[in-house]
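Here is how the chains run, residue by residue.
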Amino acid sequence: MTAQSVYSVCPHDCPDTCSAITTVEDGRAVAFVANPDHAITRGWLCAKVNDYLAHACHPERLRYPLRRTGHKGGAPEWKRISWGEAMGEISERWGEIIDRHGAEAILPYSYSGTLGLVQMDVCNTRFWNRLGASRLIRAICGSACEFAVGATLGGRHSVPYHHVLDSEMLIIWGSNPVSTGPHLMPFIRKAHRRGCEVVVVDPRRSRTARGADLHLAPRPGSDAALALGMARVIVDRGLHAPDWLRSHAFGWERLEQRLDEYPLEGVAKITGVDAGVIEEVAIRYATRKPSLIKFADGINRNRNGGQTVRALCALPAITGQYGVRGAGICYSTSDYFNWSHAALHHREGCPAPGRKINMNRLGAALTGEVTDPPVMSLYVFGANPIASSPNAALIAEGLMRQDLFTVVHELFVTDTADYADIVLPATSQLEHTDLHRGYGHTVLAYNQAAIPPLDECKSNWETLGLIATAMGFVEPWLHQTADEIIDEMITETAAHVPELKGINLNRLKREGAVPLALDDEVPYADLQFRTPSGKVQLYCQSLAERFGVDPLPAWTESPDAASPPSGYDSDEALELLSPAPHHFVSSSFANQDQLARREGAPTLQLHPQDAKSRGIASGDRVEVINSRGSFKLEARVSEDVIPGVAVTYKGFWAKQNGGRNVNWTTSDTLADLAGQSTFHTNRVWVNKIEGRRVT
Ligand SMILES: Nc1nc2c(c(=O)[nH]1)N[C@H]1C(S)=C(S)[C@@H](COP(=O)(O)OP(=O)(O)OC[C@H]3O[C@@H](n4cnc5c(=O)[nH]c(N)nc54)[C@H](O)[C@@H]3O)O[C@H]1N2
Ligand SMILES: Nc1nc2c(c(=O)[nH]1)N[C@H]1C(S)=C(S)[C@@H](COP(=O)(O)OP(=O)(O)OC[C@H]3O[C@@H](n4cnc5c(=O)[nH]c(N)nc54)[C@H](O)[C@@H]3O)O[C@H]1N2
Ligand SMILES: [Mo]
């Protein structure tokens, strides 16, 4: 028996993108452990991925292509078919659809099952360009953040995790890294022990808030007012940096005037946070320098998410803290380099790019919002929209259409796969090759296929190659190996990204993880911002023109339009937040027994006041309902949430929880910027199931 070790990478949606080592014996993976030499992973894996073999070797992994024989939805019946039959049927159906409606009638839907360059980025682009299919606006997660940060600073260039060791104050604003980016935590804890003050801003007491010095719990969606109110305090006290602002910010005079609209008492009223506390935090933020603001994408998932993030990005400018080690913002490193667009897309000989469809409007798109041509086929891979996309009841309605041809490429028969006409079995990360870059750091990591694919599983890229062949597409860039793609992408990108110098496929294979040549850089140290003014763009005309938002950061009340179901009063509504669960990544892992046990059944957390007025006690079954839909779960009465707010976690599979989850209530209304999803702007009504109250 010979054991062999290969480099692996956690492919899941998390800023940490950990590097691991898989041990293989006789073609079987026997161990998956953290890479001790990776600067972020540092020899440990999170609760979700620690037992990755249980995920990859799950007894319910799909192993063969399936064709549905019974009804769509519910508990469909399946018949095993060969890959040849599956390819024949897909190419034939698509051929007919293209003849009748054009290729834009086909919509690929993918998101975050894997974040690999080959199995996600390249799979999102090349084949669909060649086909001329509709394109997906990928706005489910953080597009408002991306646009807001990009417009203000010129790109996403987060401070490296270890720079928090130099911070004197850290505000973790609407983020929960204990669960969502755990490899930042050892740095935060070390800084904290050394005396760095840690403040968490979150309407609920999250795991991260529990460990903070101070927890501010504003009303959901009121953070822009909070930030601008803090700015006003800072200016009133003369703690801002006028010289810095004059030299390095654009639009400060106008923003300074705008701050008149955010007096302390008014902001306290909007946010529900005590005026004295806001004042104290503002003063400390401006005086305990360097001070750092950490946020992730959770903060932007509400209707005014884009303007909220612009307000947060203004604070370091007002206090002159961009370009200072341990200060500024800690968000995403995604713009340290961008892959060569030409190599990613390979548009040679392709039809004109197809129309764009916002992924947050999937249900609407399938049920009449998109016409000329209507969507006649959906190809889902690396995503589970029935469980994870907003307004799932409408998505289910769309997927029930008898004339819609749905193909789902998956590792498991998910909630979404239940609606497929054809299900194709996908490889796990242990069975395919890929290249990954973190979005919380700047290390590239190579994932070598450790074991052969399980039975008839195929990777995303291999599957699209087979469909390309069946459709008669012979372009070589649709039929490269994963290594050829990685090699080409690095070589082409290195032509405009000097930080890739010295990094190539062979080195990645040999070393597993290779940092870009800028890991210790202080972002914006040269105070050059890639914005139109070259400065921090506090006033932004282009955003105003493109999205119709105020050119300055501003807070506007942007309530959910959900109307009360009959028998309920409007003022009985609660704001339902559905943040990230600790033991799943969105709906990935929620079908894994041990993790599901640790996470527990879904609960609805309610403040005692809201529970009392509804006659609800911990352990009661409750129904959560609004005009979009409803779902049922168990109540937990807790002071961890503020009055007027309820909390449950995203990610639970609908079919394992009575047929529906939180996304039966979430809204598909788009946010203020970039078509962003608005999961957290969700008005619901809550009712104990036995015995509806008599009103
Ligand atoms: N364990 C785990 N890790 C994950 C994920 C997962 O599902 N599970 N998902 C991954 C993905 S896809 C992403 S995008 C990231 C997200 O990473 P984060 O943004 O850190 O996570 P979220 O839980 O989405 O949101 C963070 C916090 O925002 C709070 N929040 C909601 N609305 C408001 C508001 O209006 N104001 C304020 N101040 N706070 C608010 C929520 O209560 C929550 O605690 O995490 C990634 N990591
Ligand atoms: N209520 C609520 N819902 C939310 C959010 C929220 O805050 N609240 N957050 C949203 C956010 S931030 C995000 S990013 C989205 C994520 O939404 P999705 O991207 O849909 O993520 P998952 O639900 O994890 O589904 C990913 C699927 O990909 C499959 N998969 C994994 N690897 C592969 C592969 O290599 N090939 C193929 N073909 N399949 C693979 C997995 O088995 C899994 O079923 O969820 C959103 N949903
Ligand atoms: Mo996300």
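In this text, all values refer to a predicted model and were calculated from it rather than measured experimentally.

Undergrad: Tell me what's going on with the sheet that holds strand β23 (residues 603–606), and back it up with residues and numbers.
TA: Taken together, the six strands give a closed barrel; going around it, the order is β22-β26-β23-β25-β24-β27, and neighbouring strands pair in mixed fashion. Strand-to-strand twist of the sheet, defined as the mean angle between neighbouring strand axes without regard to direction, takes the value 45°. Where strand β22 (residues 574–577) lies against strand β26 (residues 645–647), three bridges are found, and the strand directions are parallel. From the neighbouring strand, leucine 576 faces β26, where its bridge partner is alanine 646.

Undergrad: Run through the sheet that holds strand β19 (residues 443–447), naming residues and quoting values.
TA: Backbone-to-backbone hydrogen bonds join strands into a sheet, with any given pair of strands oriented parallel or antiparallel. Strand order in this open sheet of three strands is β18-β19-β20, and the pairing throughout is antiparallel. With one partner strand each, in any of the chains shown, β18 (434–437) and β20 (513–515) form the two edges of the open sheet. With strand direction ignored, the average angle separating the axes of adjacent strands in the sheet is 20°. As paired strands, β18 and β19 are joined by four bridges and run antiparallel to one another. From the neighbouring strand, arginine 437 faces β19, where its bridge partner is leucine 444.

Undergrad: Kindly report on the site of ligand 2, identifying the contributing residues and their values.
TA: Close to ligand 2 lie 30 residues; Ser388, Glu410, Asn460, Ser587 and Ser588 are nearest. Between ligand 2 and the protein, one listed contact pairs an oxygen atom with a side-chain N or O atom of serine 588 at 2.7 Å. The fraction of the free accessible surface of ligand 2 (930 Å²) that becomes covered by protein chains is 97%. For the shell around ligand 2, the residue count by class is nine nonpolar, 17 polar and four charged.

Undergrad: Any chance you could break down the nonpolar core for me, citing the residues and the numbers?
TA: If you look at the biggest cluster of nonpolar residues, it comprises 69 residues, and the most contacted ones within it are Ile171, Trp173, Phe295 and Tyr322. Top element by residues in this core is helix α8 (residues 223–236). It accounts for ten residues. Dropping the residues within four chain positions of it, tyrosine 322 is found in contact with Leu153, Trp244, Cys313, Pro316, Ala317, Gly328, Ile329, Tyr524, Leu527, Phe529 and Val536. Within the second largest apolar cluster, 55 residues are counted, among which are Val122, Cys123, Phe337 and Met376.

Undergrad: Got a sec to walk through the pairing of β19? Specific residues and values, please.
TA: Where burial is concerned, most of β19 is hidden: five out of the five residues are buried. Burial of the side chains of β19 extends over both faces: Val443, Ala445 and Asn447 are buried on one face and Leu444 and Tyr446 on the other. Counting the residues in the hairpin turn of β18 and β19 gives five residues. Pairing analysis gives three bridges linking β19 to β20, with the strands arranged antiparallel. Residue pairing for β20: alanine 445 is matched across the bridge by alanine 513.

Undergrad: I'd love a proper account of the domain arrangement of the protein chain, names of residues and values included.
TA: Domain boundaries assigned for the protein chain yield domain 1 (3–56), domain 2 (66–141 + 337–432 + 453–485), domain 3 (159–331 + 527–547) and domain 4 (570–693). The straight-line distance from the C-alpha centre of domain 1 to that of domain 2 is 28 Å. Listed per partner, the contact involves 13 residues of domain 1 and ten residues of domain 2. Contact between domain 1 and domain 2 buries roughly 860 Å² in total, counting both sides, with carbon and sulfur atoms accounting for 63%. Considering only the surface of domain 1 that becomes buried against domain 2, Pro11, Asp13 and Ala56 emerge as the three largest contributors, covering 53% of it. At the boundary of domain 1 and domain 2, one finds zero salt bridges. One can count two residue pairs in polar contact (both at pLDDT 80 or more) joining domain 1 with domain 2. When contributions to the side of domain 1 that touches domain 2 are tallied by element, the ones reaching two or more residues are β1 (3–9), β3 (28–34) and α1 (52–56). Per-element tally for the side of domain 1 that touches domain 2: the top contributor is α1, with four residues. Its residues assigned to classes, the side of domain 1 that touches domain 2 comprises eight nonpolar, four polar and one charged.

Undergrad: Tell me about the site of ligand 1, residues and numbers included.
TA: The environment of ligand 1 is made up of 32 residues, and the closest members are Asp202, Gly221, Asp223, Gly298 and Phe584. The contact in question runs from a nitrogen atom of ligand 1 to an N or O atom on the backbone of serine 179, over 3.0 Å. Here a nitrogen atom of ligand 1 sits 3.1 Å away from a polar atom, N or O, in the main chain of valine 201. Taking 910 Å² as the accessible area of ligand 1 by itself, protein coverage stands at 98%.

Undergrad: Got a sec to walk through the confidence of the model for the protein chain? Specific residues and values, please.
TA: Here the protein chain shows a mean pLDDT of 97. Residues at 70 or above account for 99%. pLDDT under 50 marks residues 691–695. Its contacts with residues more than four places away, or in other chains, come to nine contacts.

Undergrad: Which residues make up the packing of α8 against helix α12 (residues 275–287), and what values do they have?
TA: What describes two packed helices is the angle between their axes and the distance between those same axes. Running from N to C, α8 and α12 point in directions that differ by 65°, and their axes come no closer than 9 Å. Classed by the angle they form, the pair α8 and α12 counts as roughly perpendicular. You can see that α8 and α12 cross each other, and the crossing is right-handed. Of the residues in α12, those touching α8 at Leu226, Met230, Val233 and Ile234 are Ile278, Glu279, Val281, Ala282, Ile283, Tyr285 and Ala286. Of the residues contributing to the contact of α8 with α12, the split by class is ten nonpolar, no polar and one charged.

Undergrad: How would you explain helix α15 (residues 362–369) if you had to name every residue and give the values?
TA: Every buried residue of α15 is accounted for by Leu362, Gly363, Ala364, Ala365 and Leu366. The inward-facing, buried residues of α15 contact β6 (106–110), β14 (356–358), β15 (377–381), α16 (385–388) and α17 (392–399).

Undergrad: Please set out the pairing of strand β2 (residues 19–25) residue by residue, giving values where relevant.
TA: Within β2, six of the seven residues are buried, which leaves it mostly tucked inside the rest of the structure. Alignment of β1 against β2, held across seven bridges, turns out to be antiparallel. The partner of alanine 3 across the bridge, within β2, is glutamate 25. As defined by bridge partners, β2 adjoins β3 across six bridges and the pair is classed as antiparallel.

Undergrad: Please give an account of the pattern of salt bridges that cites residues and values.
TA: The tally for this structure, following the rule as stated, stands at 34 salt bridges. Residue glutamate 456 is joined to arginine 80 by a salt bridge in which the shortest nitrogen-to-oxygen separation is 3.4 Å. With glutamate 456 in the loop between β19 and α18 (460–471) and arginine 80 in strand β5 (residues 78–80), this pair connects stretches of sequence that are 376 residues apart. Given a relative accessible area of 26%, glutamate 456 falls into the partly exposed group. One salt bridge in this structure joins arginine 194 and glutamate 168, with 3.3 Å as the shortest N-O distance. Of this pair, arginine 194 sits in helix α6 (residues 185–194) while glutamate 168 is found in the loop between α4 (143–153) and β8 (169–173), placing the two residues 26 residues apart along the sequence.

Undergrad: Can you tell me about the packing of aromatic side chains, naming the residues and giving the values?
TA: Under the defined criterion, the tally for this structure stands at 18 aromatic pairs. Between tyrosine 322 and tyrosine 524, the ring centres sit 6.1 Å apart and the planes meet at 85°, which makes this aromatic pair edge-to-face. Taken together, the residues tyrosine 322 in the loop between α13 (305–318) and β13 (328–330) and tyrosine 524 in the loop between β20 and β21 (536–537) connect sequence positions 202 residues apart. With a relative accessible area of 2%, tyrosine 322 lands in the buried category. Its relative accessible area of 11% is what places tyrosine 524 among the buried residues. Taken together, the ring pairs in this structure connect Trp94, Phe127, Trp128, Tyr379, Phe381 and Phe473 into an aromatic cluster. Taking NZ or CZ as reference, arginine 130 lies 4.0 Å from the ring centre of phenylalanine 473, over its face. Sitting over the ring of tyrosine 539, arginine 254 keeps its end group 3.6 Å from the ring centre.

Basis of the calculations
Residues numbered from 1 in each chain as written. Chains lettered and ligands numbered in written order. Predicted model: local features only at pLDDT ≥ 70, side-chain atom pairs only at ≥ 80, totals over all residues. Heavy atoms only, no water. Pairing = 2+ DSSP bridges. Helix = DSSP H or I, 4+ residues; strand = E, 2+ residues; numbered from the N terminus. Axes fitted to C-alpha atoms, helices over the stretch in contact; angles between N-to-C directions. Near = heavy atom within 4 Å. Polar contact = N/O pair within 3.5 Å; in protein donor to acceptor, adjacent residues only side chain to side chain. Areas by Shrake-Rupley, 256 points an atom, 1.4 Å probe, with all protein chains shown as cover. Nonpolar A, V, L, I, M, F, W, Y, C, P; charged D, E, K, R; others polar. Core = buried A, V, L, I, M, F, W, Y, C linked by side-chain atoms within 4.5 Å. Buried < 20%, exposed > 50% of the residue type's maximum accessible area, 1.4 Å probe, protein only. Contact = heavy atoms within 4.5 Å. Domains from an automatic or database assignment. Buried area = accessible area lost by both parts, 1.4 Å probe. Salt bridge = Lys/Arg side-chain N within 4 Å of Asp/Glu carboxyl O. pLDDT = per-residue confidence, 0-100. Parallel < 35°, antiparallel > 145°, perpendicular 65-115°, else oblique. Left-handed = near helix turned anticlockwise from the far one by under 90°. Phe/Tyr/Trp six-rings, centres within 6.5 Å; stacked < 30°, edge-to-face > 60°. Lys NZ or Arg CZ within 6 Å of the ring centre and 35° of its normal.

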